[in-house]
Amino acid sequence: MEKAVIHRPVRYSEVAGLMSRPTFAKYYRKVAGTIYLHRDQADDPDLVAEALLMRCPHGMLRGFAALSNMGFTLNLDGWRPIISIPRTSPAIRAHRGAILRLVEEDVHVINGRRTVAAVQAVVDILTRPDSWGRFRDGARIEEQVAVLDHLVRQKLDLFGRLRKGPGTAGISALVNPLAESRPESIVRVRLHRAGFKEWKPQIRVRGREGFYFVDLGDPVLKVGIEYQGAHHFDREARARDAQ
């Protein structure tokens, strides 16, 4: 029977007085080396990133892990945490997440953790298809834009830096900080790539009861699209939408 749940990365030596090694092996999952997480938390990417840094104290957070540590919320579940260590270091195997040997970037210390800059973190997620979790072969461009829309909406100055970055300038032409949801971003990018390039998010229109904003609109064609999530399906919401 399990006698303790440790809600952080842990070594068996820290809990040896609380449980036997077979019990520990039953309830805890290896992340890297002697670092483990409780099985109920073994897929939490932030805790996995913390465990990787516990294994490699001089490691640097990359990609989604770096962005999460900076305080960004991520509209993507199951992303894969990645840290880097100097290229000259011995290879270290990770059972969860990844430990890469790379040339060290400029180091920033945020929340006590070594991390790359925000623009480099975005470059990481664009160039590391395996960091996207459920998109095992890499995310489609509309999924990438949906994530970037969500990031720049939280920190507008990041948008300007992405537009100037050599590794992000191309995709940033599709990014719009006015987008309010992942589905809206995906629809907009698909329209854009199909040749309908005038569609923009949050277009102001006049209704019977005043002005409001449609999710996507083409101001030239004067056509709008509203993405209706599940919360629009009850009777009261449908009545409001019909107005």
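Residues numbered from 1 in each chain as written. Predicted model: local features only at pLDDT ≥ 70, side-chain atom pairs only at ≥ 80, totals over all residues. Heavy atoms only, no water.

Draft legend 1. Molecular detail of unusual backbone geometry. Despite not being glycine, Asn111 has its phi angle at roughly 55°, a positive value. Checked against the element boundaries, Asn111 lands in the loop between strand S6 (108-110) and strand S7 (113-115). Overall, Asn111 belongs to the exposed group, its relative accessible area being 57%. (Helix = DSSP H or I, 4+ residues; strand = E, 2+ residues; numbered from the N terminus. Buried < 20%, exposed > 50% of the residue type's maximum accessible area, 1.4 Å probe, protein only.)

Draft legend 2. Representation of the packing of aromatic side chains in the model. The full count for this structure, using the stated rule, is five aromatic pairs. With a centroid separation of 6.1 Å and an interplanar angle of 35°, the aromatic rings of Phe64 and Trp79 are classed as tilted. Highlighted residues: Phe64 in helix H4 (residues 63-69) and Trp79 in the loop between H4 and strand S4 (82-86), separated in sequence by 15 residues. Classification of Trp79 as buried rests on a relative accessible area of 7%. Arranged with centres 5.1 Å apart and planes meeting at 85°, the rings of Phe64 and Trp132 form a pair that is edge-to-face. Of the two residues, Phe64 is situated in helix H4 and Trp132 in the loop between helix H5 (118-127) and helix H6 (141-154); the sequence distance between them amounts to 68 residues. Trp132 matches Phe64 in its accessibility class, with the two residues each being buried. Grouping aromatic residues by their ring pairs yields a cluster made of Tyr12, Phe24, Tyr28 and Tyr36. (Phe/Tyr/Trp six-rings, centres within 6.5 Å; stacked < 30°, edge-to-face > 60°.)

Draft legend 3. Examining a nonpolar patch on the surface more closely. On the surface, Val220, Leu221 and Val223 cluster together into a nonpolar patch covering about 280 Å² of accessible area. The residue Val220 is located in the loop between strand S9 (210-218) and strand S10 (223-225) in this model. Accessibility expressed as a relative area gives 61% for Val220, which makes it exposed. (Patch = residues over 30% accessible without salt bridge, like charges linked within 9 Å, V, L, I, M, F, W, Y side chains within 5 Å. Areas by Shrake-Rupley, 256 points an atom, 1.4 Å probe, with all protein chains shown as cover. Salt bridge = Lys/Arg side-chain N within 4 Å of Asp/Glu carboxyl O.)

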